[in-house]
Amino acid sequence: MAEARPARVRLVIVAKGRVALIRRRRAGHTYYVMPGGGVEPGETFVEAGEREAMEELGVEVVCEELLAEEHRKGERFLFYRAHHRR
């Protein structure tokens, strides 16, 4: 039996009426994803989201409430509302 992968965190960051997305290009295709990523050992989901925002966007955020949970292809995704740290 394959080992279950830990959940992945996605952030919904809305500022000034705009949603933060990351543009990716692979194999000739362009697509957009919400910032976020995997949870490292010993990290909470919130800590992972805040770390990923800094790594991917270079901004400090505060994760707020859990908005949704999704299961796709054996992976669990947790979507958190976040805002820039003031």
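Residues numbered from 1 in each chain as written. Predicted model: local features only at pLDDT ≥ 70, side-chain atom pairs only at ≥ 80, totals over all residues. Heavy atoms only, no water.

Turning next to unusual backbone geometry. At Lys 16, a residue that is not glycine, the phi angle is positive and equals roughly 55°. Relative to the helices and strands, Lys 16 is located in the loop between strand 1 (8–15) and strand 2 (18–19). (Helix = DSSP H or I, 4+ residues; strand = E, 2+ residues; numbered from the N terminus.)

Let us now look at the pairing of strand 4 (residues 29–33). Bridge count between strand 3 (residues 22–26) and strand 4: 5 bridges; the pairing is antiparallel. Note that in strand 4 the partner of Arg 24 across the bridge is Tyr 31. Hairpin geometry of strand 3 and strand 4 is characterised by an intervening segment of 2 residues between the two adjacent antiparallel strands and by a positive phi of about 50° at Ala 27. (Pairing = 2+ DSSP bridges.)

Turning our attention to helix 1 (residues 45–57). For helix 1, which comprises 13 residues, the first-to-last C-alpha distance of 18 Å matches the rise-based estimate of 18 Å (1.5 Å per residue) to within 8%. For helix 1, the elements touching its buried residues are strand 1, strand 5 (36–38) and strand 6 (61–72). Just past helix 1, the residue Gly 58 takes up positive phi, approximately 75°. (Expected span 1.5 Å × (residues − 1). Contact = heavy atoms within 4.5 Å.)

Attention now goes to the packing of aromatic side chains. A full pass over the atoms with the stated rule returns 0 aromatic pairs. If you follow Arg 72 out to its NZ or CZ, it ends over the ring of Phe 77, 4.3 Å from the centre. (Phe/Tyr/Trp six-rings, centres within 6.5 Å; stacked < 30°, edge-to-face > 60°. Lys NZ or Arg CZ within 6 Å of the ring centre and 35° of its normal.)

Take a nonpolar patch on the surface next. Side chains of Val 14, Val 19, Leu 21 and Tyr 32 sit close together on the surface and give an oily, nonpolar patch of about 380 Å² of accessible area. Along the polypeptide, Tyr 32 turns up in strand 4. Exposure remark for Tyr 32: the relative accessible area of 48% places this residue in the partly exposed category. (Patch = residues over 30% accessible without salt bridge, like charges linked within 9 Å, V, L, I, M, F, W, Y side chains within 5 Å. Areas by Shrake-Rupley, 256 points an atom, 1.4 Å probe, with all protein chains shown as cover. Salt bridge = Lys/Arg side-chain N within 4 Å of Asp/Glu carboxyl O. Buried < 20%, exposed > 50% of the residue type's maximum accessible area, 1.4 Å probe, protein only.)

What follows concerns the nonpolar core. The biggest cluster of nonpolar side chains holds 12 residues, and these are Ala 7, Val 9, Leu 11, Ile 13, Val 39, Ala 48, Ala 53, Val 61, Cys 63, Leu 78, Tyr 80 and Ala 82. At the level of secondary structure, the elements contributing two or more residues to this core comprise strand 1, helix 1, strand 6 and strand 7 (75–84). Aside from chain neighbours lying at most four places away, what touches Ile 13 is Arg 18, Val 19, Ala 20, Pro 35, Leu 57, Val 61, Ala 82 and His 84. (Core = buried A, V, L, I, M, F, W, Y, C linked by side-chain atoms within 4.5 Å.)

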